[in-house]
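# Report on the structure
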There are 2 protein chains.
Amino acid sequence: MRGTRLDTARIRAARRVIDPVFLDTPLYRCEALEPRLGCTVSIKLETANPVRSFKARGTEVVASRLAEGGAAAVVCASAGNLGQALAWSGRVRGLDVTVVASRFATVAKLDRIRALGARLELVDGDHEMARERAAAIARRDGIRLVEDSLDIETCEGAATIGLELVGTAPSFDTVLIALGGGALATGVGHVVKALAPGVEVICVQPLGAPAMTRSWREGRVVITDSADTIADGVAGRCPVPAVLDDLLLVADDAVLVREESIMAGMRMLLHHAGLVVEPSAALGIAAVLEDRGRFAGRHVVTIVCGSNVDVDAYHRWVGAAALHGS
Amino acid sequence: MRGTRLDTARIRAARRVIDPVFLDTPLYRCEALEPRLGCTVSIKLETANPVRSFKARGTEVVASRLAEGGAAAVVCASAGNLGQALAWSGRVRGLDVTVVASRFATVAKLDRIRALGARLELVDGDHEMARERAAAIARRDGIRLVEDSLDIETCEGAATIGLELVGTAPSFDTVLIALGGGALATGVGHVVKALAPGVEVICVQPLGAPAMTRSWREGRVVITDSADTIADGVAGRCPVPAVLDDLLLVADDAVLVREESIMAGMRMLLHHAGLVVEPSAALGIAAVLEDRGRFAGRHVVTIVCGSNVDVDAYHRWVGAAALHGS
C-alpha cells in the first residue's frame, strides 16, 4: 500500500515490541449471530487482555520507543481506553504517565487509569478540551505528548490487528472498523489494502459524532460543533488532517449509524455471542443491522475493540429487552 | 507425571489435530478483580471460540481420530457444551452426530446443538439418564459412544490448556479448575504436575453436586442421589472410577462452594472483568471468595471454561446487584 504514512515492514517490526498478551487475539466465526444478520460473521476480539481494548497495541509501541530513548514521562488525552493502555505500558517501563480526560468520561475507564498508577487530570469539557490541556502539559513539562491517530505508533500498533486478520482468517469479504480518531481504521485499512486488496474496508461511526465520516466524504476536514453519542470511544469532533489523508486512501466506505442500532448491536453481542462490549465495539454489528441487504451472503469481520463500560449504563443500554431475548 | 492414564507426548500430539481456533486462548492478569479477591488473578479464557467452551479441544481429538478411522457416526450424552463441541467437530469432518441431553438442560445449549446440525434427543431425567440413553444408542447403532472424562481424547484435549498454562504464564502458584466429570481437572492437572510440579492444583465443585469431590476425599467412588446446582456443566452424580484414579494422582485439593458464591463470582467477572460466564466458569472465583485467607498474596489462574447461558437465567443470577456495583 503506497501513499499512507504507514509502512508494512514497520508494522511487522511493531509486533516485536508489543507484549504478547495483546497480540494474536481470538478470531472466530460466530454462527449464532448469523441468522439475525443475514451474513457470515467473524469476530476479532480485542477485549480479553489487561486493559480490555486494542489500544495497548499502540501504547506498547509508543512506550517501548520512549523507554529506549531514555524518556521519563509521557502525557496523553484520552476518552479512557488510550489512557488505560498508556498507563499499563508506561508502568511496565517505569514511565511517569499523565492522562487528561473529560470529567464526563466513562467512570470505569477513569477508575482503571488511576488504578494503573497514572496521574489523571480531568477537564470540565469534552475530549477536544482534554487534547488541548494535554498539549499544554507536554509543552510545560517538556515531555512527549501522545496524540492518538496522529502519532504513527498508535496507527502501527492498531495495524498489527490487520496483520492477524490477513494472516489467519479464512477468506472474508469485508472488515467493519469503528471510526473515531482513525488509528484503527487507517492502521487496519493500510494492511488490508496492502496484503488483501480485495477485502472491502468499511468504517463505521455514530450519526451523533460524524466528523471523520463527513470529512472522508467531502475529502477535507470537517469539524463538528458537538459530539452526542453513547460511543464515547469515538466521540471526537476535530479530525486530524494527516489521518484523514490516510483514511481517504484505505477506506472503501464510511457509514453512520443510529444510537438505537448501536444498542441493538450491543444487545445482540450479549445475547448471541456472550460478549459484553462498549458501544464503539458494536458499531460494526450496527452497520449490518442498518443495511442487511448490502451485506447479505457476505463474510464480514467486525473488530470488537473494547469492553470498558460503566455497568449501570450498560444495563440501561442493553435494556429491559435483555430479559426477553433480542 | 507417572501413573495417570494421560501421557504428555500424546497431549502435545493432540494439539496438532485441534483446529487452531480453539488453541492458544487468552491468558491475562485481571487486576480489577484483585482488590476484591486479595490475590493476583489471571484468567485463562476458553469462551472466545465458535462453541464458547473448552470442550472442542477434546471433541476435535475424538472427531479427527474417528474420521481417520473411517467412522460415519458418533453419539454422546451432554449437559450441553460437549454436545455443541462434538456437533461442531463432527460437522467439519462429515460425521453424523447424535447428542442426548436432559430436557432440563440449558436451552441455549440445546438450541446451539441443533443449529450445528446434530440430532438432539432429550430424556426426561438428569444427565445420568442421558448417559444411559446415549450408551443404548451406541449399542443399537454400532457407533462410537463418546464418554466425557472417561474417553482419553476428552482428557487429552482439555490437557492442552495445561500446556498453554505452563508454557506461557508468568509463574503462578495455583490453578483453580472446575470439577465435573473430571476431564478438565485430570487433563490440566496431569500437565501441571508433570511440567510445573510446584503449582498447586485445586479442583472446585458446587456443594450441590459434590460426587467427585467426595469421591476424591474418600479415595473411592461416591455416588450421590441428586445434583442440585445452577452449574449445569458440572452436575454429575456418578464419578467414573478411572477418572477418579487419575484425579487422586494430580489434585492437591478439591473444594466445594455454595451457590451464592458461584453467583457472586459470576457477578464479579461481569462487573470487573467484563466477562459473561456460565456458572461452572465462576467456580474458581467462588473458591477464592469462600477462603480469601488461603489465597492471600498468591497468584491464582482460573480457567473460565464456558459462557453458554440462558440470558434470562443469567440476569437472575447476576441479579439486581448487577445494577449497583458488586
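Scroll up a little and you will see the structure.
Reference entry: report on the structure contained in this document. (Residues numbered from 1 in each chain as written. Chains lettered and ligands numbered in written order. Predicted model: local features only at pLDDT ≥ 70, side-chain atom pairs only at ≥ 80, totals over all residues. Heavy atoms only, no water.)

### Things to note about the overall build of chain A
Note the threshold: Numbering of helices and strands runs from the N terminus; a helix is a DSSP stretch of H or I covering at least four residues, while a strand is a stretch of E covering at least two. Throughout, exposure labels follow a simple rule: accessible area from a 1.4 Å probe, protein chains only, divided by the maximum for the residue type, with under 20% read as buried, over 50% as exposed, and the rest as partly exposed. Throughout, the Shrake-Rupley method with a 1.4 Å probe supplies accessible areas, and for residues the shown protein chains are the sole cover considered. Only four residue types enter the tally: Lys and Arg on the positive side, Asp and Glu on the negative side; His and the chain ends are excluded. Charged side chains are reduced to one point each, which is NZ for Lys, CZ for Arg, CG for Asp and CD for Glu.
Scanning chain A from N- to C-terminus turns up 14 helices and 10 strands. Taking all 326 residues of chain A together, the buried fraction comes to 64%. Total accessible area on chain A is roughly 11,300 Å²; 49% of this is exposed by carbon and sulfur atoms. Distance between charge centroids for chain A: 2 Å, based on 36 positive and 39 negative side chains.

### Re the interface of chain A and chain B
To be explicit about the condition: The criterion used for residue contact is that any of the two residues' heavy atoms lie within 4.5 Å. Each of two parts loses accessible area, computed with a 1.4 Å probe, when they are put together; buried area is these two losses added. One speaks of a salt bridge when a side-chain nitrogen belonging to Lys or Arg is within 4 Å of a carboxyl oxygen belonging to Asp or Glu. Pairs of N or O atoms within 3.5 Å make up the polar contacts considered here, provided that, within protein, one atom can donate a hydrogen while the other can accept it, and that residues adjacent in sequence are counted only when both atoms are side-chain atoms. Three classes are used, and their members are as follows: Ala, Val, Leu, Ile, Met, Phe, Trp, Tyr, Cys and Pro are nonpolar, Asp, Glu, Lys and Arg are charged, and the others, Gly among them, are polar.
At the junction of the two partners, chain A supplies 29 residues and chain B supplies 29 residues. Here chain A packs against chain B, burying approximately 2,300 Å² in sum over the two surfaces, 56% of which is carbon and sulfur. On inspection of chain A and its partner chain B, the count reaches two salt bridges. For R91(B), the salt bridge is made with E31(A), and the minimal N-O distance between the two is 2.5 Å. Summed over the shared surface of chain A and chain B, the number is four residue pairs in polar contact (both at pLDDT 80 or more). Mapped onto the side of chain A that touches chain B, the elements with two or more residues apiece are β1 (27-29), α4 (81-92), α11 (259-273) and α14 (311-318) of chain A. With four residues, α11(A) is the single largest residue contributor to the side of chain A that touches chain B. For the side of chain A that touches chain B, the residue count by class is 16 nonpolar, seven polar and six charged.

### A few points about the packing of helix α3 (residues 56-68) of chain B against helix α7 (residues 152-168) of chain B
All names here are of chain B. Quick reminder of the rule: Angles here are taken between N-to-C directions and fall from 0 to 180 degrees, while the axes themselves are lines fitted to C-alpha atoms, restricted in helices to the stretch in contact. Should an angle lie under 35 degrees it is considered roughly parallel, over 145 roughly antiparallel, and from 65 to 115 roughly perpendicular; all remaining angles are considered oblique. Crossing handedness is read from the near helix: turned anticlockwise from the far helix by less than a right angle, it gives a left-handed crossing, and turned clockwise, a right-handed one.
Where α3 contacts α7, the axes come no closer than 6 Å and their chain directions differ by 130°. When the axes of α3 and α7 are compared, the pair comes out oblique. Of the two elements, α3 crosses α7, and the hand of that crossing is right-handed. Across from R57, G58, V61, V62 and R65 in α3, the residues of α7 making contact are E153, T154, E156, G157, A158, T160, I161 and E164. When its residues are assigned to classes, the contact of α3 with α7 shows four nonpolar, four polar and five charged.

### What about the packing of aromatic side chains?
Residue and element names in this part refer to chain A. Which entries qualify depends on this criterion: Pairing of aromatic rings covers Phe, Tyr and Trp, the last counted by its six-membered ring, and requires centre-to-centre distances within 6.5 Å; plane angles under 30 degrees mean stacked, over 60 mean edge-to-face, and any other angle means tilted.
Scanning all chains against the criterion turns up two aromatic pairs over all chains. With a centroid separation of 4.9 Å and an interplanar angle of 90°, the aromatic rings of F22 and W88 are classed as edge-to-face. Placement of F22 in the loop between α1 (8-15) and β1 and of W88 in helix α4 is noted, with a sequence separation of 66 residues between them. Residue classification places F22 among the buried residues on the basis of a relative accessible area of 2%.

### Looking at the relation of the copies chain A and chain B
The following threshold applies: Least-squares superposition aligns the copies on the C-alpha atoms of those residues with pLDDT at or above 70 in both.
Here chain A sits on chain B after a turn of 180° about the axis and a move of 0.0 Å along it, with an RMSD of 0.0 Å. One copy is carried onto the other by what is essentially a two-fold rotation axis. The residues that chain A uses at the interface reappear at the interface of chain B in 100% of cases, marking a shared surface.

### Here we look at the environment of G162(B)
Residues and elements named next belong to chain B. Along the polypeptide, G162 turns up in helix α7. Measuring from C-alpha to C-alpha, the distance between G162 and V192 comes to 6.1 Å, with 30 residues separating the pair along the chain. If we ignore the near neighbours within four places in the chain, the residues touching G162 are V188 and V191.

### Digging into the pattern of salt bridges
Residues and elements named next belong to chain A. For the structure on display, the rule yields 60 salt bridges over all chains. Here K193 ties to D252 by a salt bridge, and the two come within 2.7 Å at their closest N and O atoms. In this pair, K193 is assigned in helix α8 (residues 183-195) and D252 in the loop between α10 (241-250) and β9 (253-257), connecting sequence segments 59 residues apart. The buried category is assigned to K193, whose relative accessible area is 16%.

### Observations regarding helix α10 (residues 241-250) of chain B
All names here are of chain B. In plain terms, the rule: The arc refers to the directions leading from the helix axis to the C-beta atoms.
Of the residues making up α10, those classed as buried are V243, L244, D246, L247 and V250. Seen along its axis, α10 keeps its buried residues to an arc of 160°; they face one direction. On its buried face, α10 sits against α8 (183-195), β8 (200-206) and α9 (211-218).

### Comments concerning the environment of L176(A)
Residue and element names in this part refer to chain A. Relative to the assigned elements, L176 resides in strand β7 (residues 174-178). The class for L176 is buried, based on a relative accessible area of 1%. In sequence terms L176 and S226 are 50 residues apart; their C-alpha atoms lie 25 Å from each other. Look past the residues within four positions of L176 in its chain and what remains in contact with it is I202, V204, G284, V288, F295, V300, V301, T302 and I303.

### Notes on the sheet that holds β1(A)
Residue and element names in this part refer to chain A. Our working definition: Strands pair, by our definition, only if DSSP identifies at least two bridges between them.
One open sheet holds the six strands; their spatial order is β1-β2-β10-β7-β8-β9, and the pairing between them is mixed. Across the chains shown, the open sheet's two edge strands, defined by having one partner strand only, are β1 and β9. Geometrically, the sheet is characterised by an average inter-axis angle of 25° between neighbouring strands, direction not taken into account. Across the sheet, α8 touches β7, β8 (200-206) and β10 (299-304), and the angle it forms with β7 is around 160°. Across the sheet, helix α12 (residues 283-290) lies against β2 (40-45), β7, β8, β9 and β10, angled at about 85° from β9, the strand it touches most.

It is worth stressing that arrangement in space is one thing and function is another; only the former is reported here.
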